[in-house]
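# Geometric and topological summary
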Amino acid sequence: MAADPHTIADLSRALKARETTAEAVVERCLQRIAERNATLNAFIAVFGDEAREQAREADRDIAAGRHRGPLHGVPISLKDLFDVRGAPTTAASRVREDHVADADAPSVAALRDAGAIIIGKTNLHEFAFGTTNEDSAFGPARHPLDPDRSPGGSSGGSAASVADGMCFASLGTDTGGSIRIPSAVCGLVGLKPSFGELSTDGVVPLSATLDHIGPICRSVDDAAMLYDVLLGGGARPAGKPTDPRALRLGIPRAYFLSVLDPQVASAFDSACERLREAGATLVDVPIPHAGDVAAIYLHIVLTEAAAYHAKTLERRPEDYTPNVRIRLEMGRYVLGEDYARAMRGRELIRREVDAALEGRDGLFLPALAIPAPKLGVAMVRVGAVEEPVRNVMLRCTQAFNVSGHPAMSIPCGATTDGLPIGAQLVGGYGDTPGLLRVARAVEPIVAAGATAHAGYLGPGTSR
Amino acid sequence: MTIKAWLEMAIHDAERRGLPELKPLLEALAKATSALRTAEWNADATGDAVLNSDPGSRIPPDFARGKPDPGHGR
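Residues numbered from 1 in each chain as written. Chains lettered and ligands numbered in written order. Predicted model: local features only at pLDDT ≥ 70, side-chain atom pairs only at ≥ 80, totals over all residues. Heavy atoms only, no water.

### What about the overall build of chain A?
Scanning chain A from N- to C-terminus turns up 15 helices and 13 strands. In summary, chain A has a C-alpha radius of gyration of 20 Å against a globular reference of 23 Å for 463 residues, a match within 12%. Each of the three principal axes of chain A carries a C-alpha extent, and together these read 60 × 60 × 40 Å. Taking all 463 residues of chain A together, 63% fall into the buried category. Residue pairs in contact within chain A that sit at least 24 positions apart in sequence constitute 77% of those at least 6 positions apart. Total accessible area on chain A is roughly 15500 Å²; 50% of this is exposed by carbon and sulfur atoms. Here chain A contributes 48 positively and 56 negatively charged side chains, and the mean placements of these two sets differ by 2 Å. (Helix = DSSP H or I, 4+ residues; strand = E, 2+ residues; numbered from the N terminus. Rg over C-alpha atoms; globule rule 2.2 N^0.38 Å. Buried < 20%, exposed > 50% of the residue type's maximum accessible area, 1.4 Å probe, protein only. Contact = heavy atoms within 4.5 Å. Areas by Shrake-Rupley, 256 points an atom, 1.4 Å probe, with all protein chains shown as cover. Lys, Arg positive; Asp, Glu negative; His and termini not counted. Charge placed at Lys NZ, Arg CZ, Asp CG, Glu CD.)

See below:
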């Protein structure tokens, strides 16, 4: 083979054509984990023996003509919120240290049925309650390009594992941006489908009405394949990419583009220009109450998270990391009437996102206002604004958890230091296949500004 | 409960529970709660939404009248 496969699509073709074997691919991934996990701290658990056995089984099946589809023989990691039968689901917390799952989460079972090889479980911000992955009982996960920086969060270990060549994709969760943020930070594609489309059973919750699951991977095609499998193979065919000349995209400029790192703003403007040059129509659209989203989100996520954690906050508070414990405690003081106000505000945001999408193929905006932040930094200055890192990191993504619309991050540029920058596409509610069609058209156009190695920072790459 | 009374009660309770580090977070939460309570889309017991008097109010009319969302059932 001329080069190692880069995407699941490439790998699947190579496996089916028997140009390589699942065993060889798994061995390379395990080797990469052995070399790099001490630095990146991406994995909490590695299932080496099981992965090797599953790989040999996949090779036998494929050789016998029993190819089960595009994920057959593909090594995939799981954020350690997903139940895997017989393994602990740690949620990166000592609170869960005695836990062992008695069954696979339905999403994990779907991946196994499709022949995917579960190579291990990845690090995260404790209980998914943070955007940097710094607060973890296992220590912080680190960015593949610069270990002094965050890989984003909360699915930070997942993104690091995919970006560094330790596996081909990861399953993450997204409550305020936890799939899209680390994907943007690490130069990957991250998909959050519509709310409720994919089962969150067997997944440790953060906020039941905001939680989503979805893939972190290296291309839109890979995201579509994983989405289809997670949906039980019942996804409406994504079909051909939308013709870029027919694309009508709305840019919700007010609020979402008002606090951006200059290099993010420049990369996003360049991406817009390339889309216009390709024939797409881009117009500014209003989401009039976007400025209220953070307050709405905060009252929902705090209340729902506090309800889940109340008992353990009383019984074993010392087992939480201090920052996560104190934020969970904050949720115990939210009044019911304010939660109700937030839920009413949420309905308004949903309608306004629907209205912004009216007559358009999608919304287009940055996925993240800043590049990968340094670990240990609490506040960040963006232009004249100094805000907590967490607030800035959630700014572009949390609206679509509040509204439930499908959204994805795709690479669109890089800083002068080579740190990836991501753009975000938002689709019509319940129309994740439509979002994927648009993303397939947009990806090659905006990727022209991405790093040479966007989506893969592993062996053979350098800054 | 007013936000002022709520904040005093919450800070007092947090200190009683040995969590003084909660104070700045509760103060930040109070600002967000204030924004939430003063938003013009809140419903009012008079039967009307607490609408902005500006005739160009940003609230969709159906939403202001409290009609159910015909959309997604979510």
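### Notes on the interface of chain A and chain B
Across the boundary between the two partners, chain A contributes 33 residues, which contact 33 residues of chain B. Summing both sides of the interface, chain A and chain B together bury roughly 3000 Å²; the carbon and sulfur share of this comes to 62%. Together, Tyr333(A), Arg344(A) and Arg351(A) form the three largest contributors to the area buried by chain A at its contact with chain B, with a combined 28%. Between chain A and chain B we count four salt bridges in total. Breaking the side of chain A that touches chain B down by element, the ones donating at least two residues are α10 (293–315), α11 (322–331) and α12 (336–357) of chain A. For the side of chain A that touches chain B, the element with the highest residue contribution is α12(A), accounting for 12 residues. (Buried area = accessible area lost by both parts, 1.4 Å probe. Salt bridge = Lys/Arg side-chain N within 4 Å of Asp/Glu carboxyl O.)

### Some details on the environment of Ser409(A)
Residue and element names in this part refer to chain A. Inspection of the secondary structure puts Ser-409 in strand β12 (residues 407–414). Look at Ser-409 and you get buried, because its relative accessible area is 0%. Note: C-alpha distance between Ser-409 and Ile-370 (39 residues apart in sequence) is 14 Å. Discounting chain neighbours no more than four positions away, the residues touching Ser-409 are Arg-180, Ser-183, Ala-184, Leu-188, Val-189, Gly-190, Ala-367, Gly-422, Ala-423 and Gln-424.

### A few points about the packing of aromatic side chains
Aromatic ring pairs are described here by two measures, namely the spacing of the ring centres and the angle between the planes. Residues and elements named next belong to chain A. Overall, the coordinates contain four aromatic pairs over all chains when judged by the stated rule. With a centroid separation of 5.9 Å and 20 degrees between ring planes, the pair formed by Phe-256 and Phe-400 is classed as stacked. Of this pair, Phe-256 sits in helix α8 (residues 253–256) while Phe-400 sits in helix α14 (residues 399–403), and the two are 144 residues apart along the sequence. No difference in accessibility class separates Phe-256 from Phe-400, as the two residues are buried. Stacked on the ring of Phe-168, the Lys or Arg Arg-218 has its end atom at 4.9 Å from the ring centre. The ring of Tyr-255 has Arg-395 lying over it, and the distance from NZ or CZ to the ring centre is 4.0 Å. (Phe/Tyr/Trp six-rings, centres within 6.5 Å; stacked < 30°, edge-to-face > 60°. Lys NZ or Arg CZ within 6 Å of the ring centre and 35° of its normal.)

### Regarding the sheet that holds β12(A)
In any sheet, the strands associate via hydrogen bonds between backbone groups, in a parallel or an antiparallel arrangement. Residues and elements named next belong to chain A. Spatially, β1-β3-β2-β4-β6-β5-β12-β13-β9-β7-β8 is the arrangement adopted by the 11 strands of the open sheet, whose pairing is mixed. For this open sheet the edge positions go to β1 (43–46) and β8 (281–284), each flanked by a neighbour on one side alone. On average, each strand axis in the sheet is tilted by 30 degrees relative to the strand beside it, whichever way the strands run. Pairing analysis gives three bridges linking strand β2 (residues 75–79) to strand β4 (residues 169–174), with the strands arranged parallel. Pairing of Ile-76 across the sheet is with Ala-169, part of β4. The strands touched by helix α9 (residues 262–277) are β7 (248–251), β8, β9 (362–366), β12 and β13 (420–426); relative to β9, the strand with the most contacts, the crossing angle is about 145 degrees. (Pairing = 2+ DSSP bridges. Axes fitted to C-alpha atoms, helices over the stretch in contact; angles between N-to-C directions.)

### Side note on the nonpolar core
Leu111(A), Phe364(A), Met408(A), Leu425(A), Val442(A) and Leu26(B) are the most contacted members of the largest nonpolar core, which has 161 residues in total. Those residues in contact with Leu26(B), other than ones at most four positions away along the chain, are Met330(A), Tyr333(A), Trp6(B), Leu7(B), Ala10(B), Ile11(B) and Ala14(B). (Core = buried A, V, L, I, M, F, W, Y, C linked by side-chain atoms within 4.5 Å.)

### Focus: the pairing of β7(A)
On a regular strand, each side chain points to the face opposite its neighbour's, so the side chains alternate between the two faces of the sheet. Pairing analysis gives four bridges linking β7(A) to β8(A), with the strands arranged parallel. Paired with Arg248(A) across the bridge in β8(A) is Thr281(A).

### Considerations on the packing of α9(A) against helix α15 (residues 432–446) of chain A
Residue and element names in this part refer to chain A. Where α9 contacts α15, the two axes come as close as 9 Å, and the packing angle between them is 115 degrees. Between α9 and α15, the crossing angle belongs to the class labelled roughly perpendicular. Crossing hand, α9 versus α15: right-handed. Along its contact with α9, which presents Ala-271, Arg-274 and Leu-275, the element α15 presents Val-442, Ile-445 and Val-446. The class makeup of the residues in the contact of α9 with α15 is five nonpolar, no polar and one charged. (Parallel < 35°, antiparallel > 145°, perpendicular 65-115°, else oblique. Left-handed = near helix turned anticlockwise from the far one by under 90°. Nonpolar A, V, L, I, M, F, W, Y, C, P; charged D, E, K, R; others polar.)

### Concerning unusual backbone geometry
Residue and element names in this part refer to chain A. Residue Gly-153 is joined to Ser-154 through a cis peptide bond whose omega torsion reads 10 degrees. Tracing the sequence through the fold places Ser-154 in the loop between β3 (117–122) and α5 (156–163). Despite not being glycine, Asn-41 shows a phi value in the positive range, around 55 degrees. With phi around 75 degrees, Tyr-255 is a residue other than glycine that occupies positive phi space. Within the fold, Tyr-255 resides in helix α8. When its relative accessible area of 17% is taken as the criterion, Tyr-255 is described as buried.

### Some words on helix α1 (residues 3–16) of chain B
Residues and elements named next belong to chain B. When the terminal C-alpha atoms of α1 are compared, their 20 Å separation across 14 residues agrees well with the 20 Å that a helix rising 1.5 Å per residue should span. What α1 keeps buried is the set Ile-3, Trp-6, Leu-7, Ala-10, Ile-11, Asp-13 and Ala-14. Buried residues along α1 cover an arc of 165 degrees about the axis, so they all sit on one side. Exposed residues lying more than 90 degrees from the buried face of α1 are Lys-4, His-12 and Arg-16. A positive backbone phi angle near 75 degrees is found at Gly-18, which sits one or two residues after α1. (Expected span 1.5 Å × (residues − 1). Arc of directions from axis to C-beta.)

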